[in-house]
Amino acid sequence: MQAPFESWGRYPTYGAKLLPLHWQSDFPALTADLHNGALPVGMGRSYGDVCLLKDGNLLVTTAMNRLIDFDAETGLLTAEAGVTLAQILDFAVPRGFFLPVTPGTKYVTLGGAIANDIHGKNHHSAGTFGRHIAQFELVRSDGSRMICSPTENSEFYSATIGGLGLTGVITWATLRLKPIVSRKIDYEGIQFHGIDEFLDLTNQAHDIEYTVSWVDVTSTGRNFARGVFMQGDHSTKKDDLKPSPKPKLVFPFEAPGFALNALTVSLFNTAFFHKQIHKRAVALQDYEPFFYPLDKVLRWNRMYGKRGLLQFQYVIPWEHAKEGTVAILHEVAKSGLASFLAVLKAFGDVPSPGMMSFPKPGITLALDFPIKPDKSFPLFQRLADMTLEFGGRLYPAKDAAMTAPQFQAFYPQWQHFAQYRDPLLTSSFWERVTQNS
């Protein structure tokens, strides 16, 4: 029996047979007589169709969520692939440890974080999540099991990190945590006007661990590309390392399609920019609002209505980063489409271990748009083509729209990667971007 399985963007919507994995031995026995392919999935927090398989079989790993081993001397934590980053934090923070890299939500699985080689506010200093994975077990559909690390089965290690769940099922992984003495972040927020000021602030913050910016993509003229540059380090002042409370707020309903429009988002952006009264604001802030401001409201994707949302995230290398970002921001402003979750950041030069990993040195911009079919998809095609012209690439974990020619230009190594794909495993994303090849 098929059931809907949504990505966080809620587009596209495909039915699939859901097969929960409870034990490390469940795969591949569970798929012995199945057809139409299979795909391991976790919390479904990617935005497009990398976690979807139309009319196929989804191997849901979230019940495979046990902690296996922890070494308090080295910070090495071994856990099953279905454990979430939230569960890891609940265990690690009271013991004086934190995630080495975290995205903007903690409700992703360990396996999903590896498969999408996630990045965070500290990419310039720590690189991607995959750099902190000491080893993992990969199970193939033929029943073979292999330990993968930088020195053992290193090609499969590289192919699986950022490999979109296509190389096999990760059963467990060992993650290198980092020590902390406080839940608090020494935070500073700085208003800026324009990309030049953003770049100046980025250069000044090279010794600060976490940096990210919110940027207003609706304003033009003298307010074009205004934003707030947010930076912080873990506090070195010892504090109570209690676990986080569970979120209690849930976005209560599907917002009507007209709720997010150019006017309402422009008003929000103006209010957000001016809520910081002074150009600079300093605070001692808990890590939850610093890293996960949206996690306190469960199901916040309902805010975009029943049609869902599209996210667009690029990285453009430094050679064309400034001109490319300015051109794309102008194109977005000209389109009249509204994005209030606009995140601007510089990627550093710490190399990613994954063969198909997204980050590279340059500027990355992530934009969320409510789906308006006649406008959203043509805009995304223009933005993707512009990204290609400026030598950049898009992030598969955030994508629902790039074409096969675009993907193959962004990731020319895809055919080499395909040699490591498990013959049983595929996804709607993979089928879409490798068609006619």
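Residues numbered from 1 in each chain as written. Predicted model: local features only at pLDDT ≥ 70, side-chain atom pairs only at ≥ 80, totals over all residues. Heavy atoms only, no water.

1. Looking at empty space enclosed by the protein
By the definition in use, this model includes 1 cavity of 30 Å³ or more. As a volume, the largest cavity reaches approximately 80 Å³. A per-class count over the lining of the largest cavity returns 9 nonpolar, 3 polar and 1 charged. (1 Å grid on protein atoms, 1.4 Å probe; cavity = no way out; pocket = protein on both sides within 12 Å on 5 of 7 lines; lining within 4 Å. Points joined across faces, edges and corners; volume = space filled by probe spheres on them. Nonpolar A, V, L, I, M, F, W, Y, C, P; charged D, E, K, R; others polar.)

2. Some remarks on unusual backbone geometry
The omega angle of the peptide bond from Tyr11 to Pro12 is -5°, so this bond is cis rather than trans. Relative to the helices and strands, Pro12 resides in the loop between strand S1 (3-4) and strand S2 (15-20). Of the consecutive residues Phe27 and Pro28, the connecting peptide bond is found in the cis state with omega at 15°. Relative to the elements of secondary structure, Pro28 occurs in the loop between S2 and strand S3 (38-41). A positive phi is found at Asn153, a non-glycine position, where the angle reads about 50°. Relative to the helices and strands, Asn153 is located in the loop between strand S9 (145-148) and helix H4 (154-160). Look at Asn153 and you get partly exposed, because its relative accessible area is 35%. Unlike most non-glycine residues, Leu164 shows phi in positive territory, near 60°. Summarising the element assignment, Leu164 is placed in the loop between H4 and strand S10 (169-176). (Helix = DSSP H or I, 4+ residues; strand = E, 2+ residues; numbered from the N terminus. Buried < 20%, exposed > 50% of the residue type's maximum accessible area, 1.4 Å probe, protein only.)

3. A short note on the pairing of strand S12 (residues 184-193)
With 7 of its 10 residues buried, S12 lies for the most part within the structure. In the sheet, S12 pairs with strand S16 (residues 280-286) via 7 bridges, with the strands oriented antiparallel. Bridge assignment links Ile190 to a residue of S16, and that residue is Arg280. The pairing of S12 with strand S14 (residues 226-234) spans 9 bridges and is classified as antiparallel. (Pairing = 2+ DSSP bridges.)

4. Quick notes on the packing of helix H8 (residues 318-335) against helix H9 (residues 373-389)
Two elements in contact, H8 and H9, have axes separated by 10 Å at closest approach and are oriented at 170°. Considered as vectors, H8 and H9 are oriented roughly antiparallel to each other. Only Leu379, Arg382, Leu383, Met386 and Thr387 of H9 make contact with H8, whose side of the interface consists of Ala327, Ile328, Glu331, Val332 and Ser335. Tallied by class, residues from the contact of H8 with H9 come to 6 nonpolar, 2 polar and 2 charged. (Axes fitted to C-alpha atoms, helices over the stretch in contact; angles between N-to-C directions. Parallel < 35°, antiparallel > 145°, perpendicular 65-115°, else oblique. Contact = heavy atoms within 4.5 Å.)

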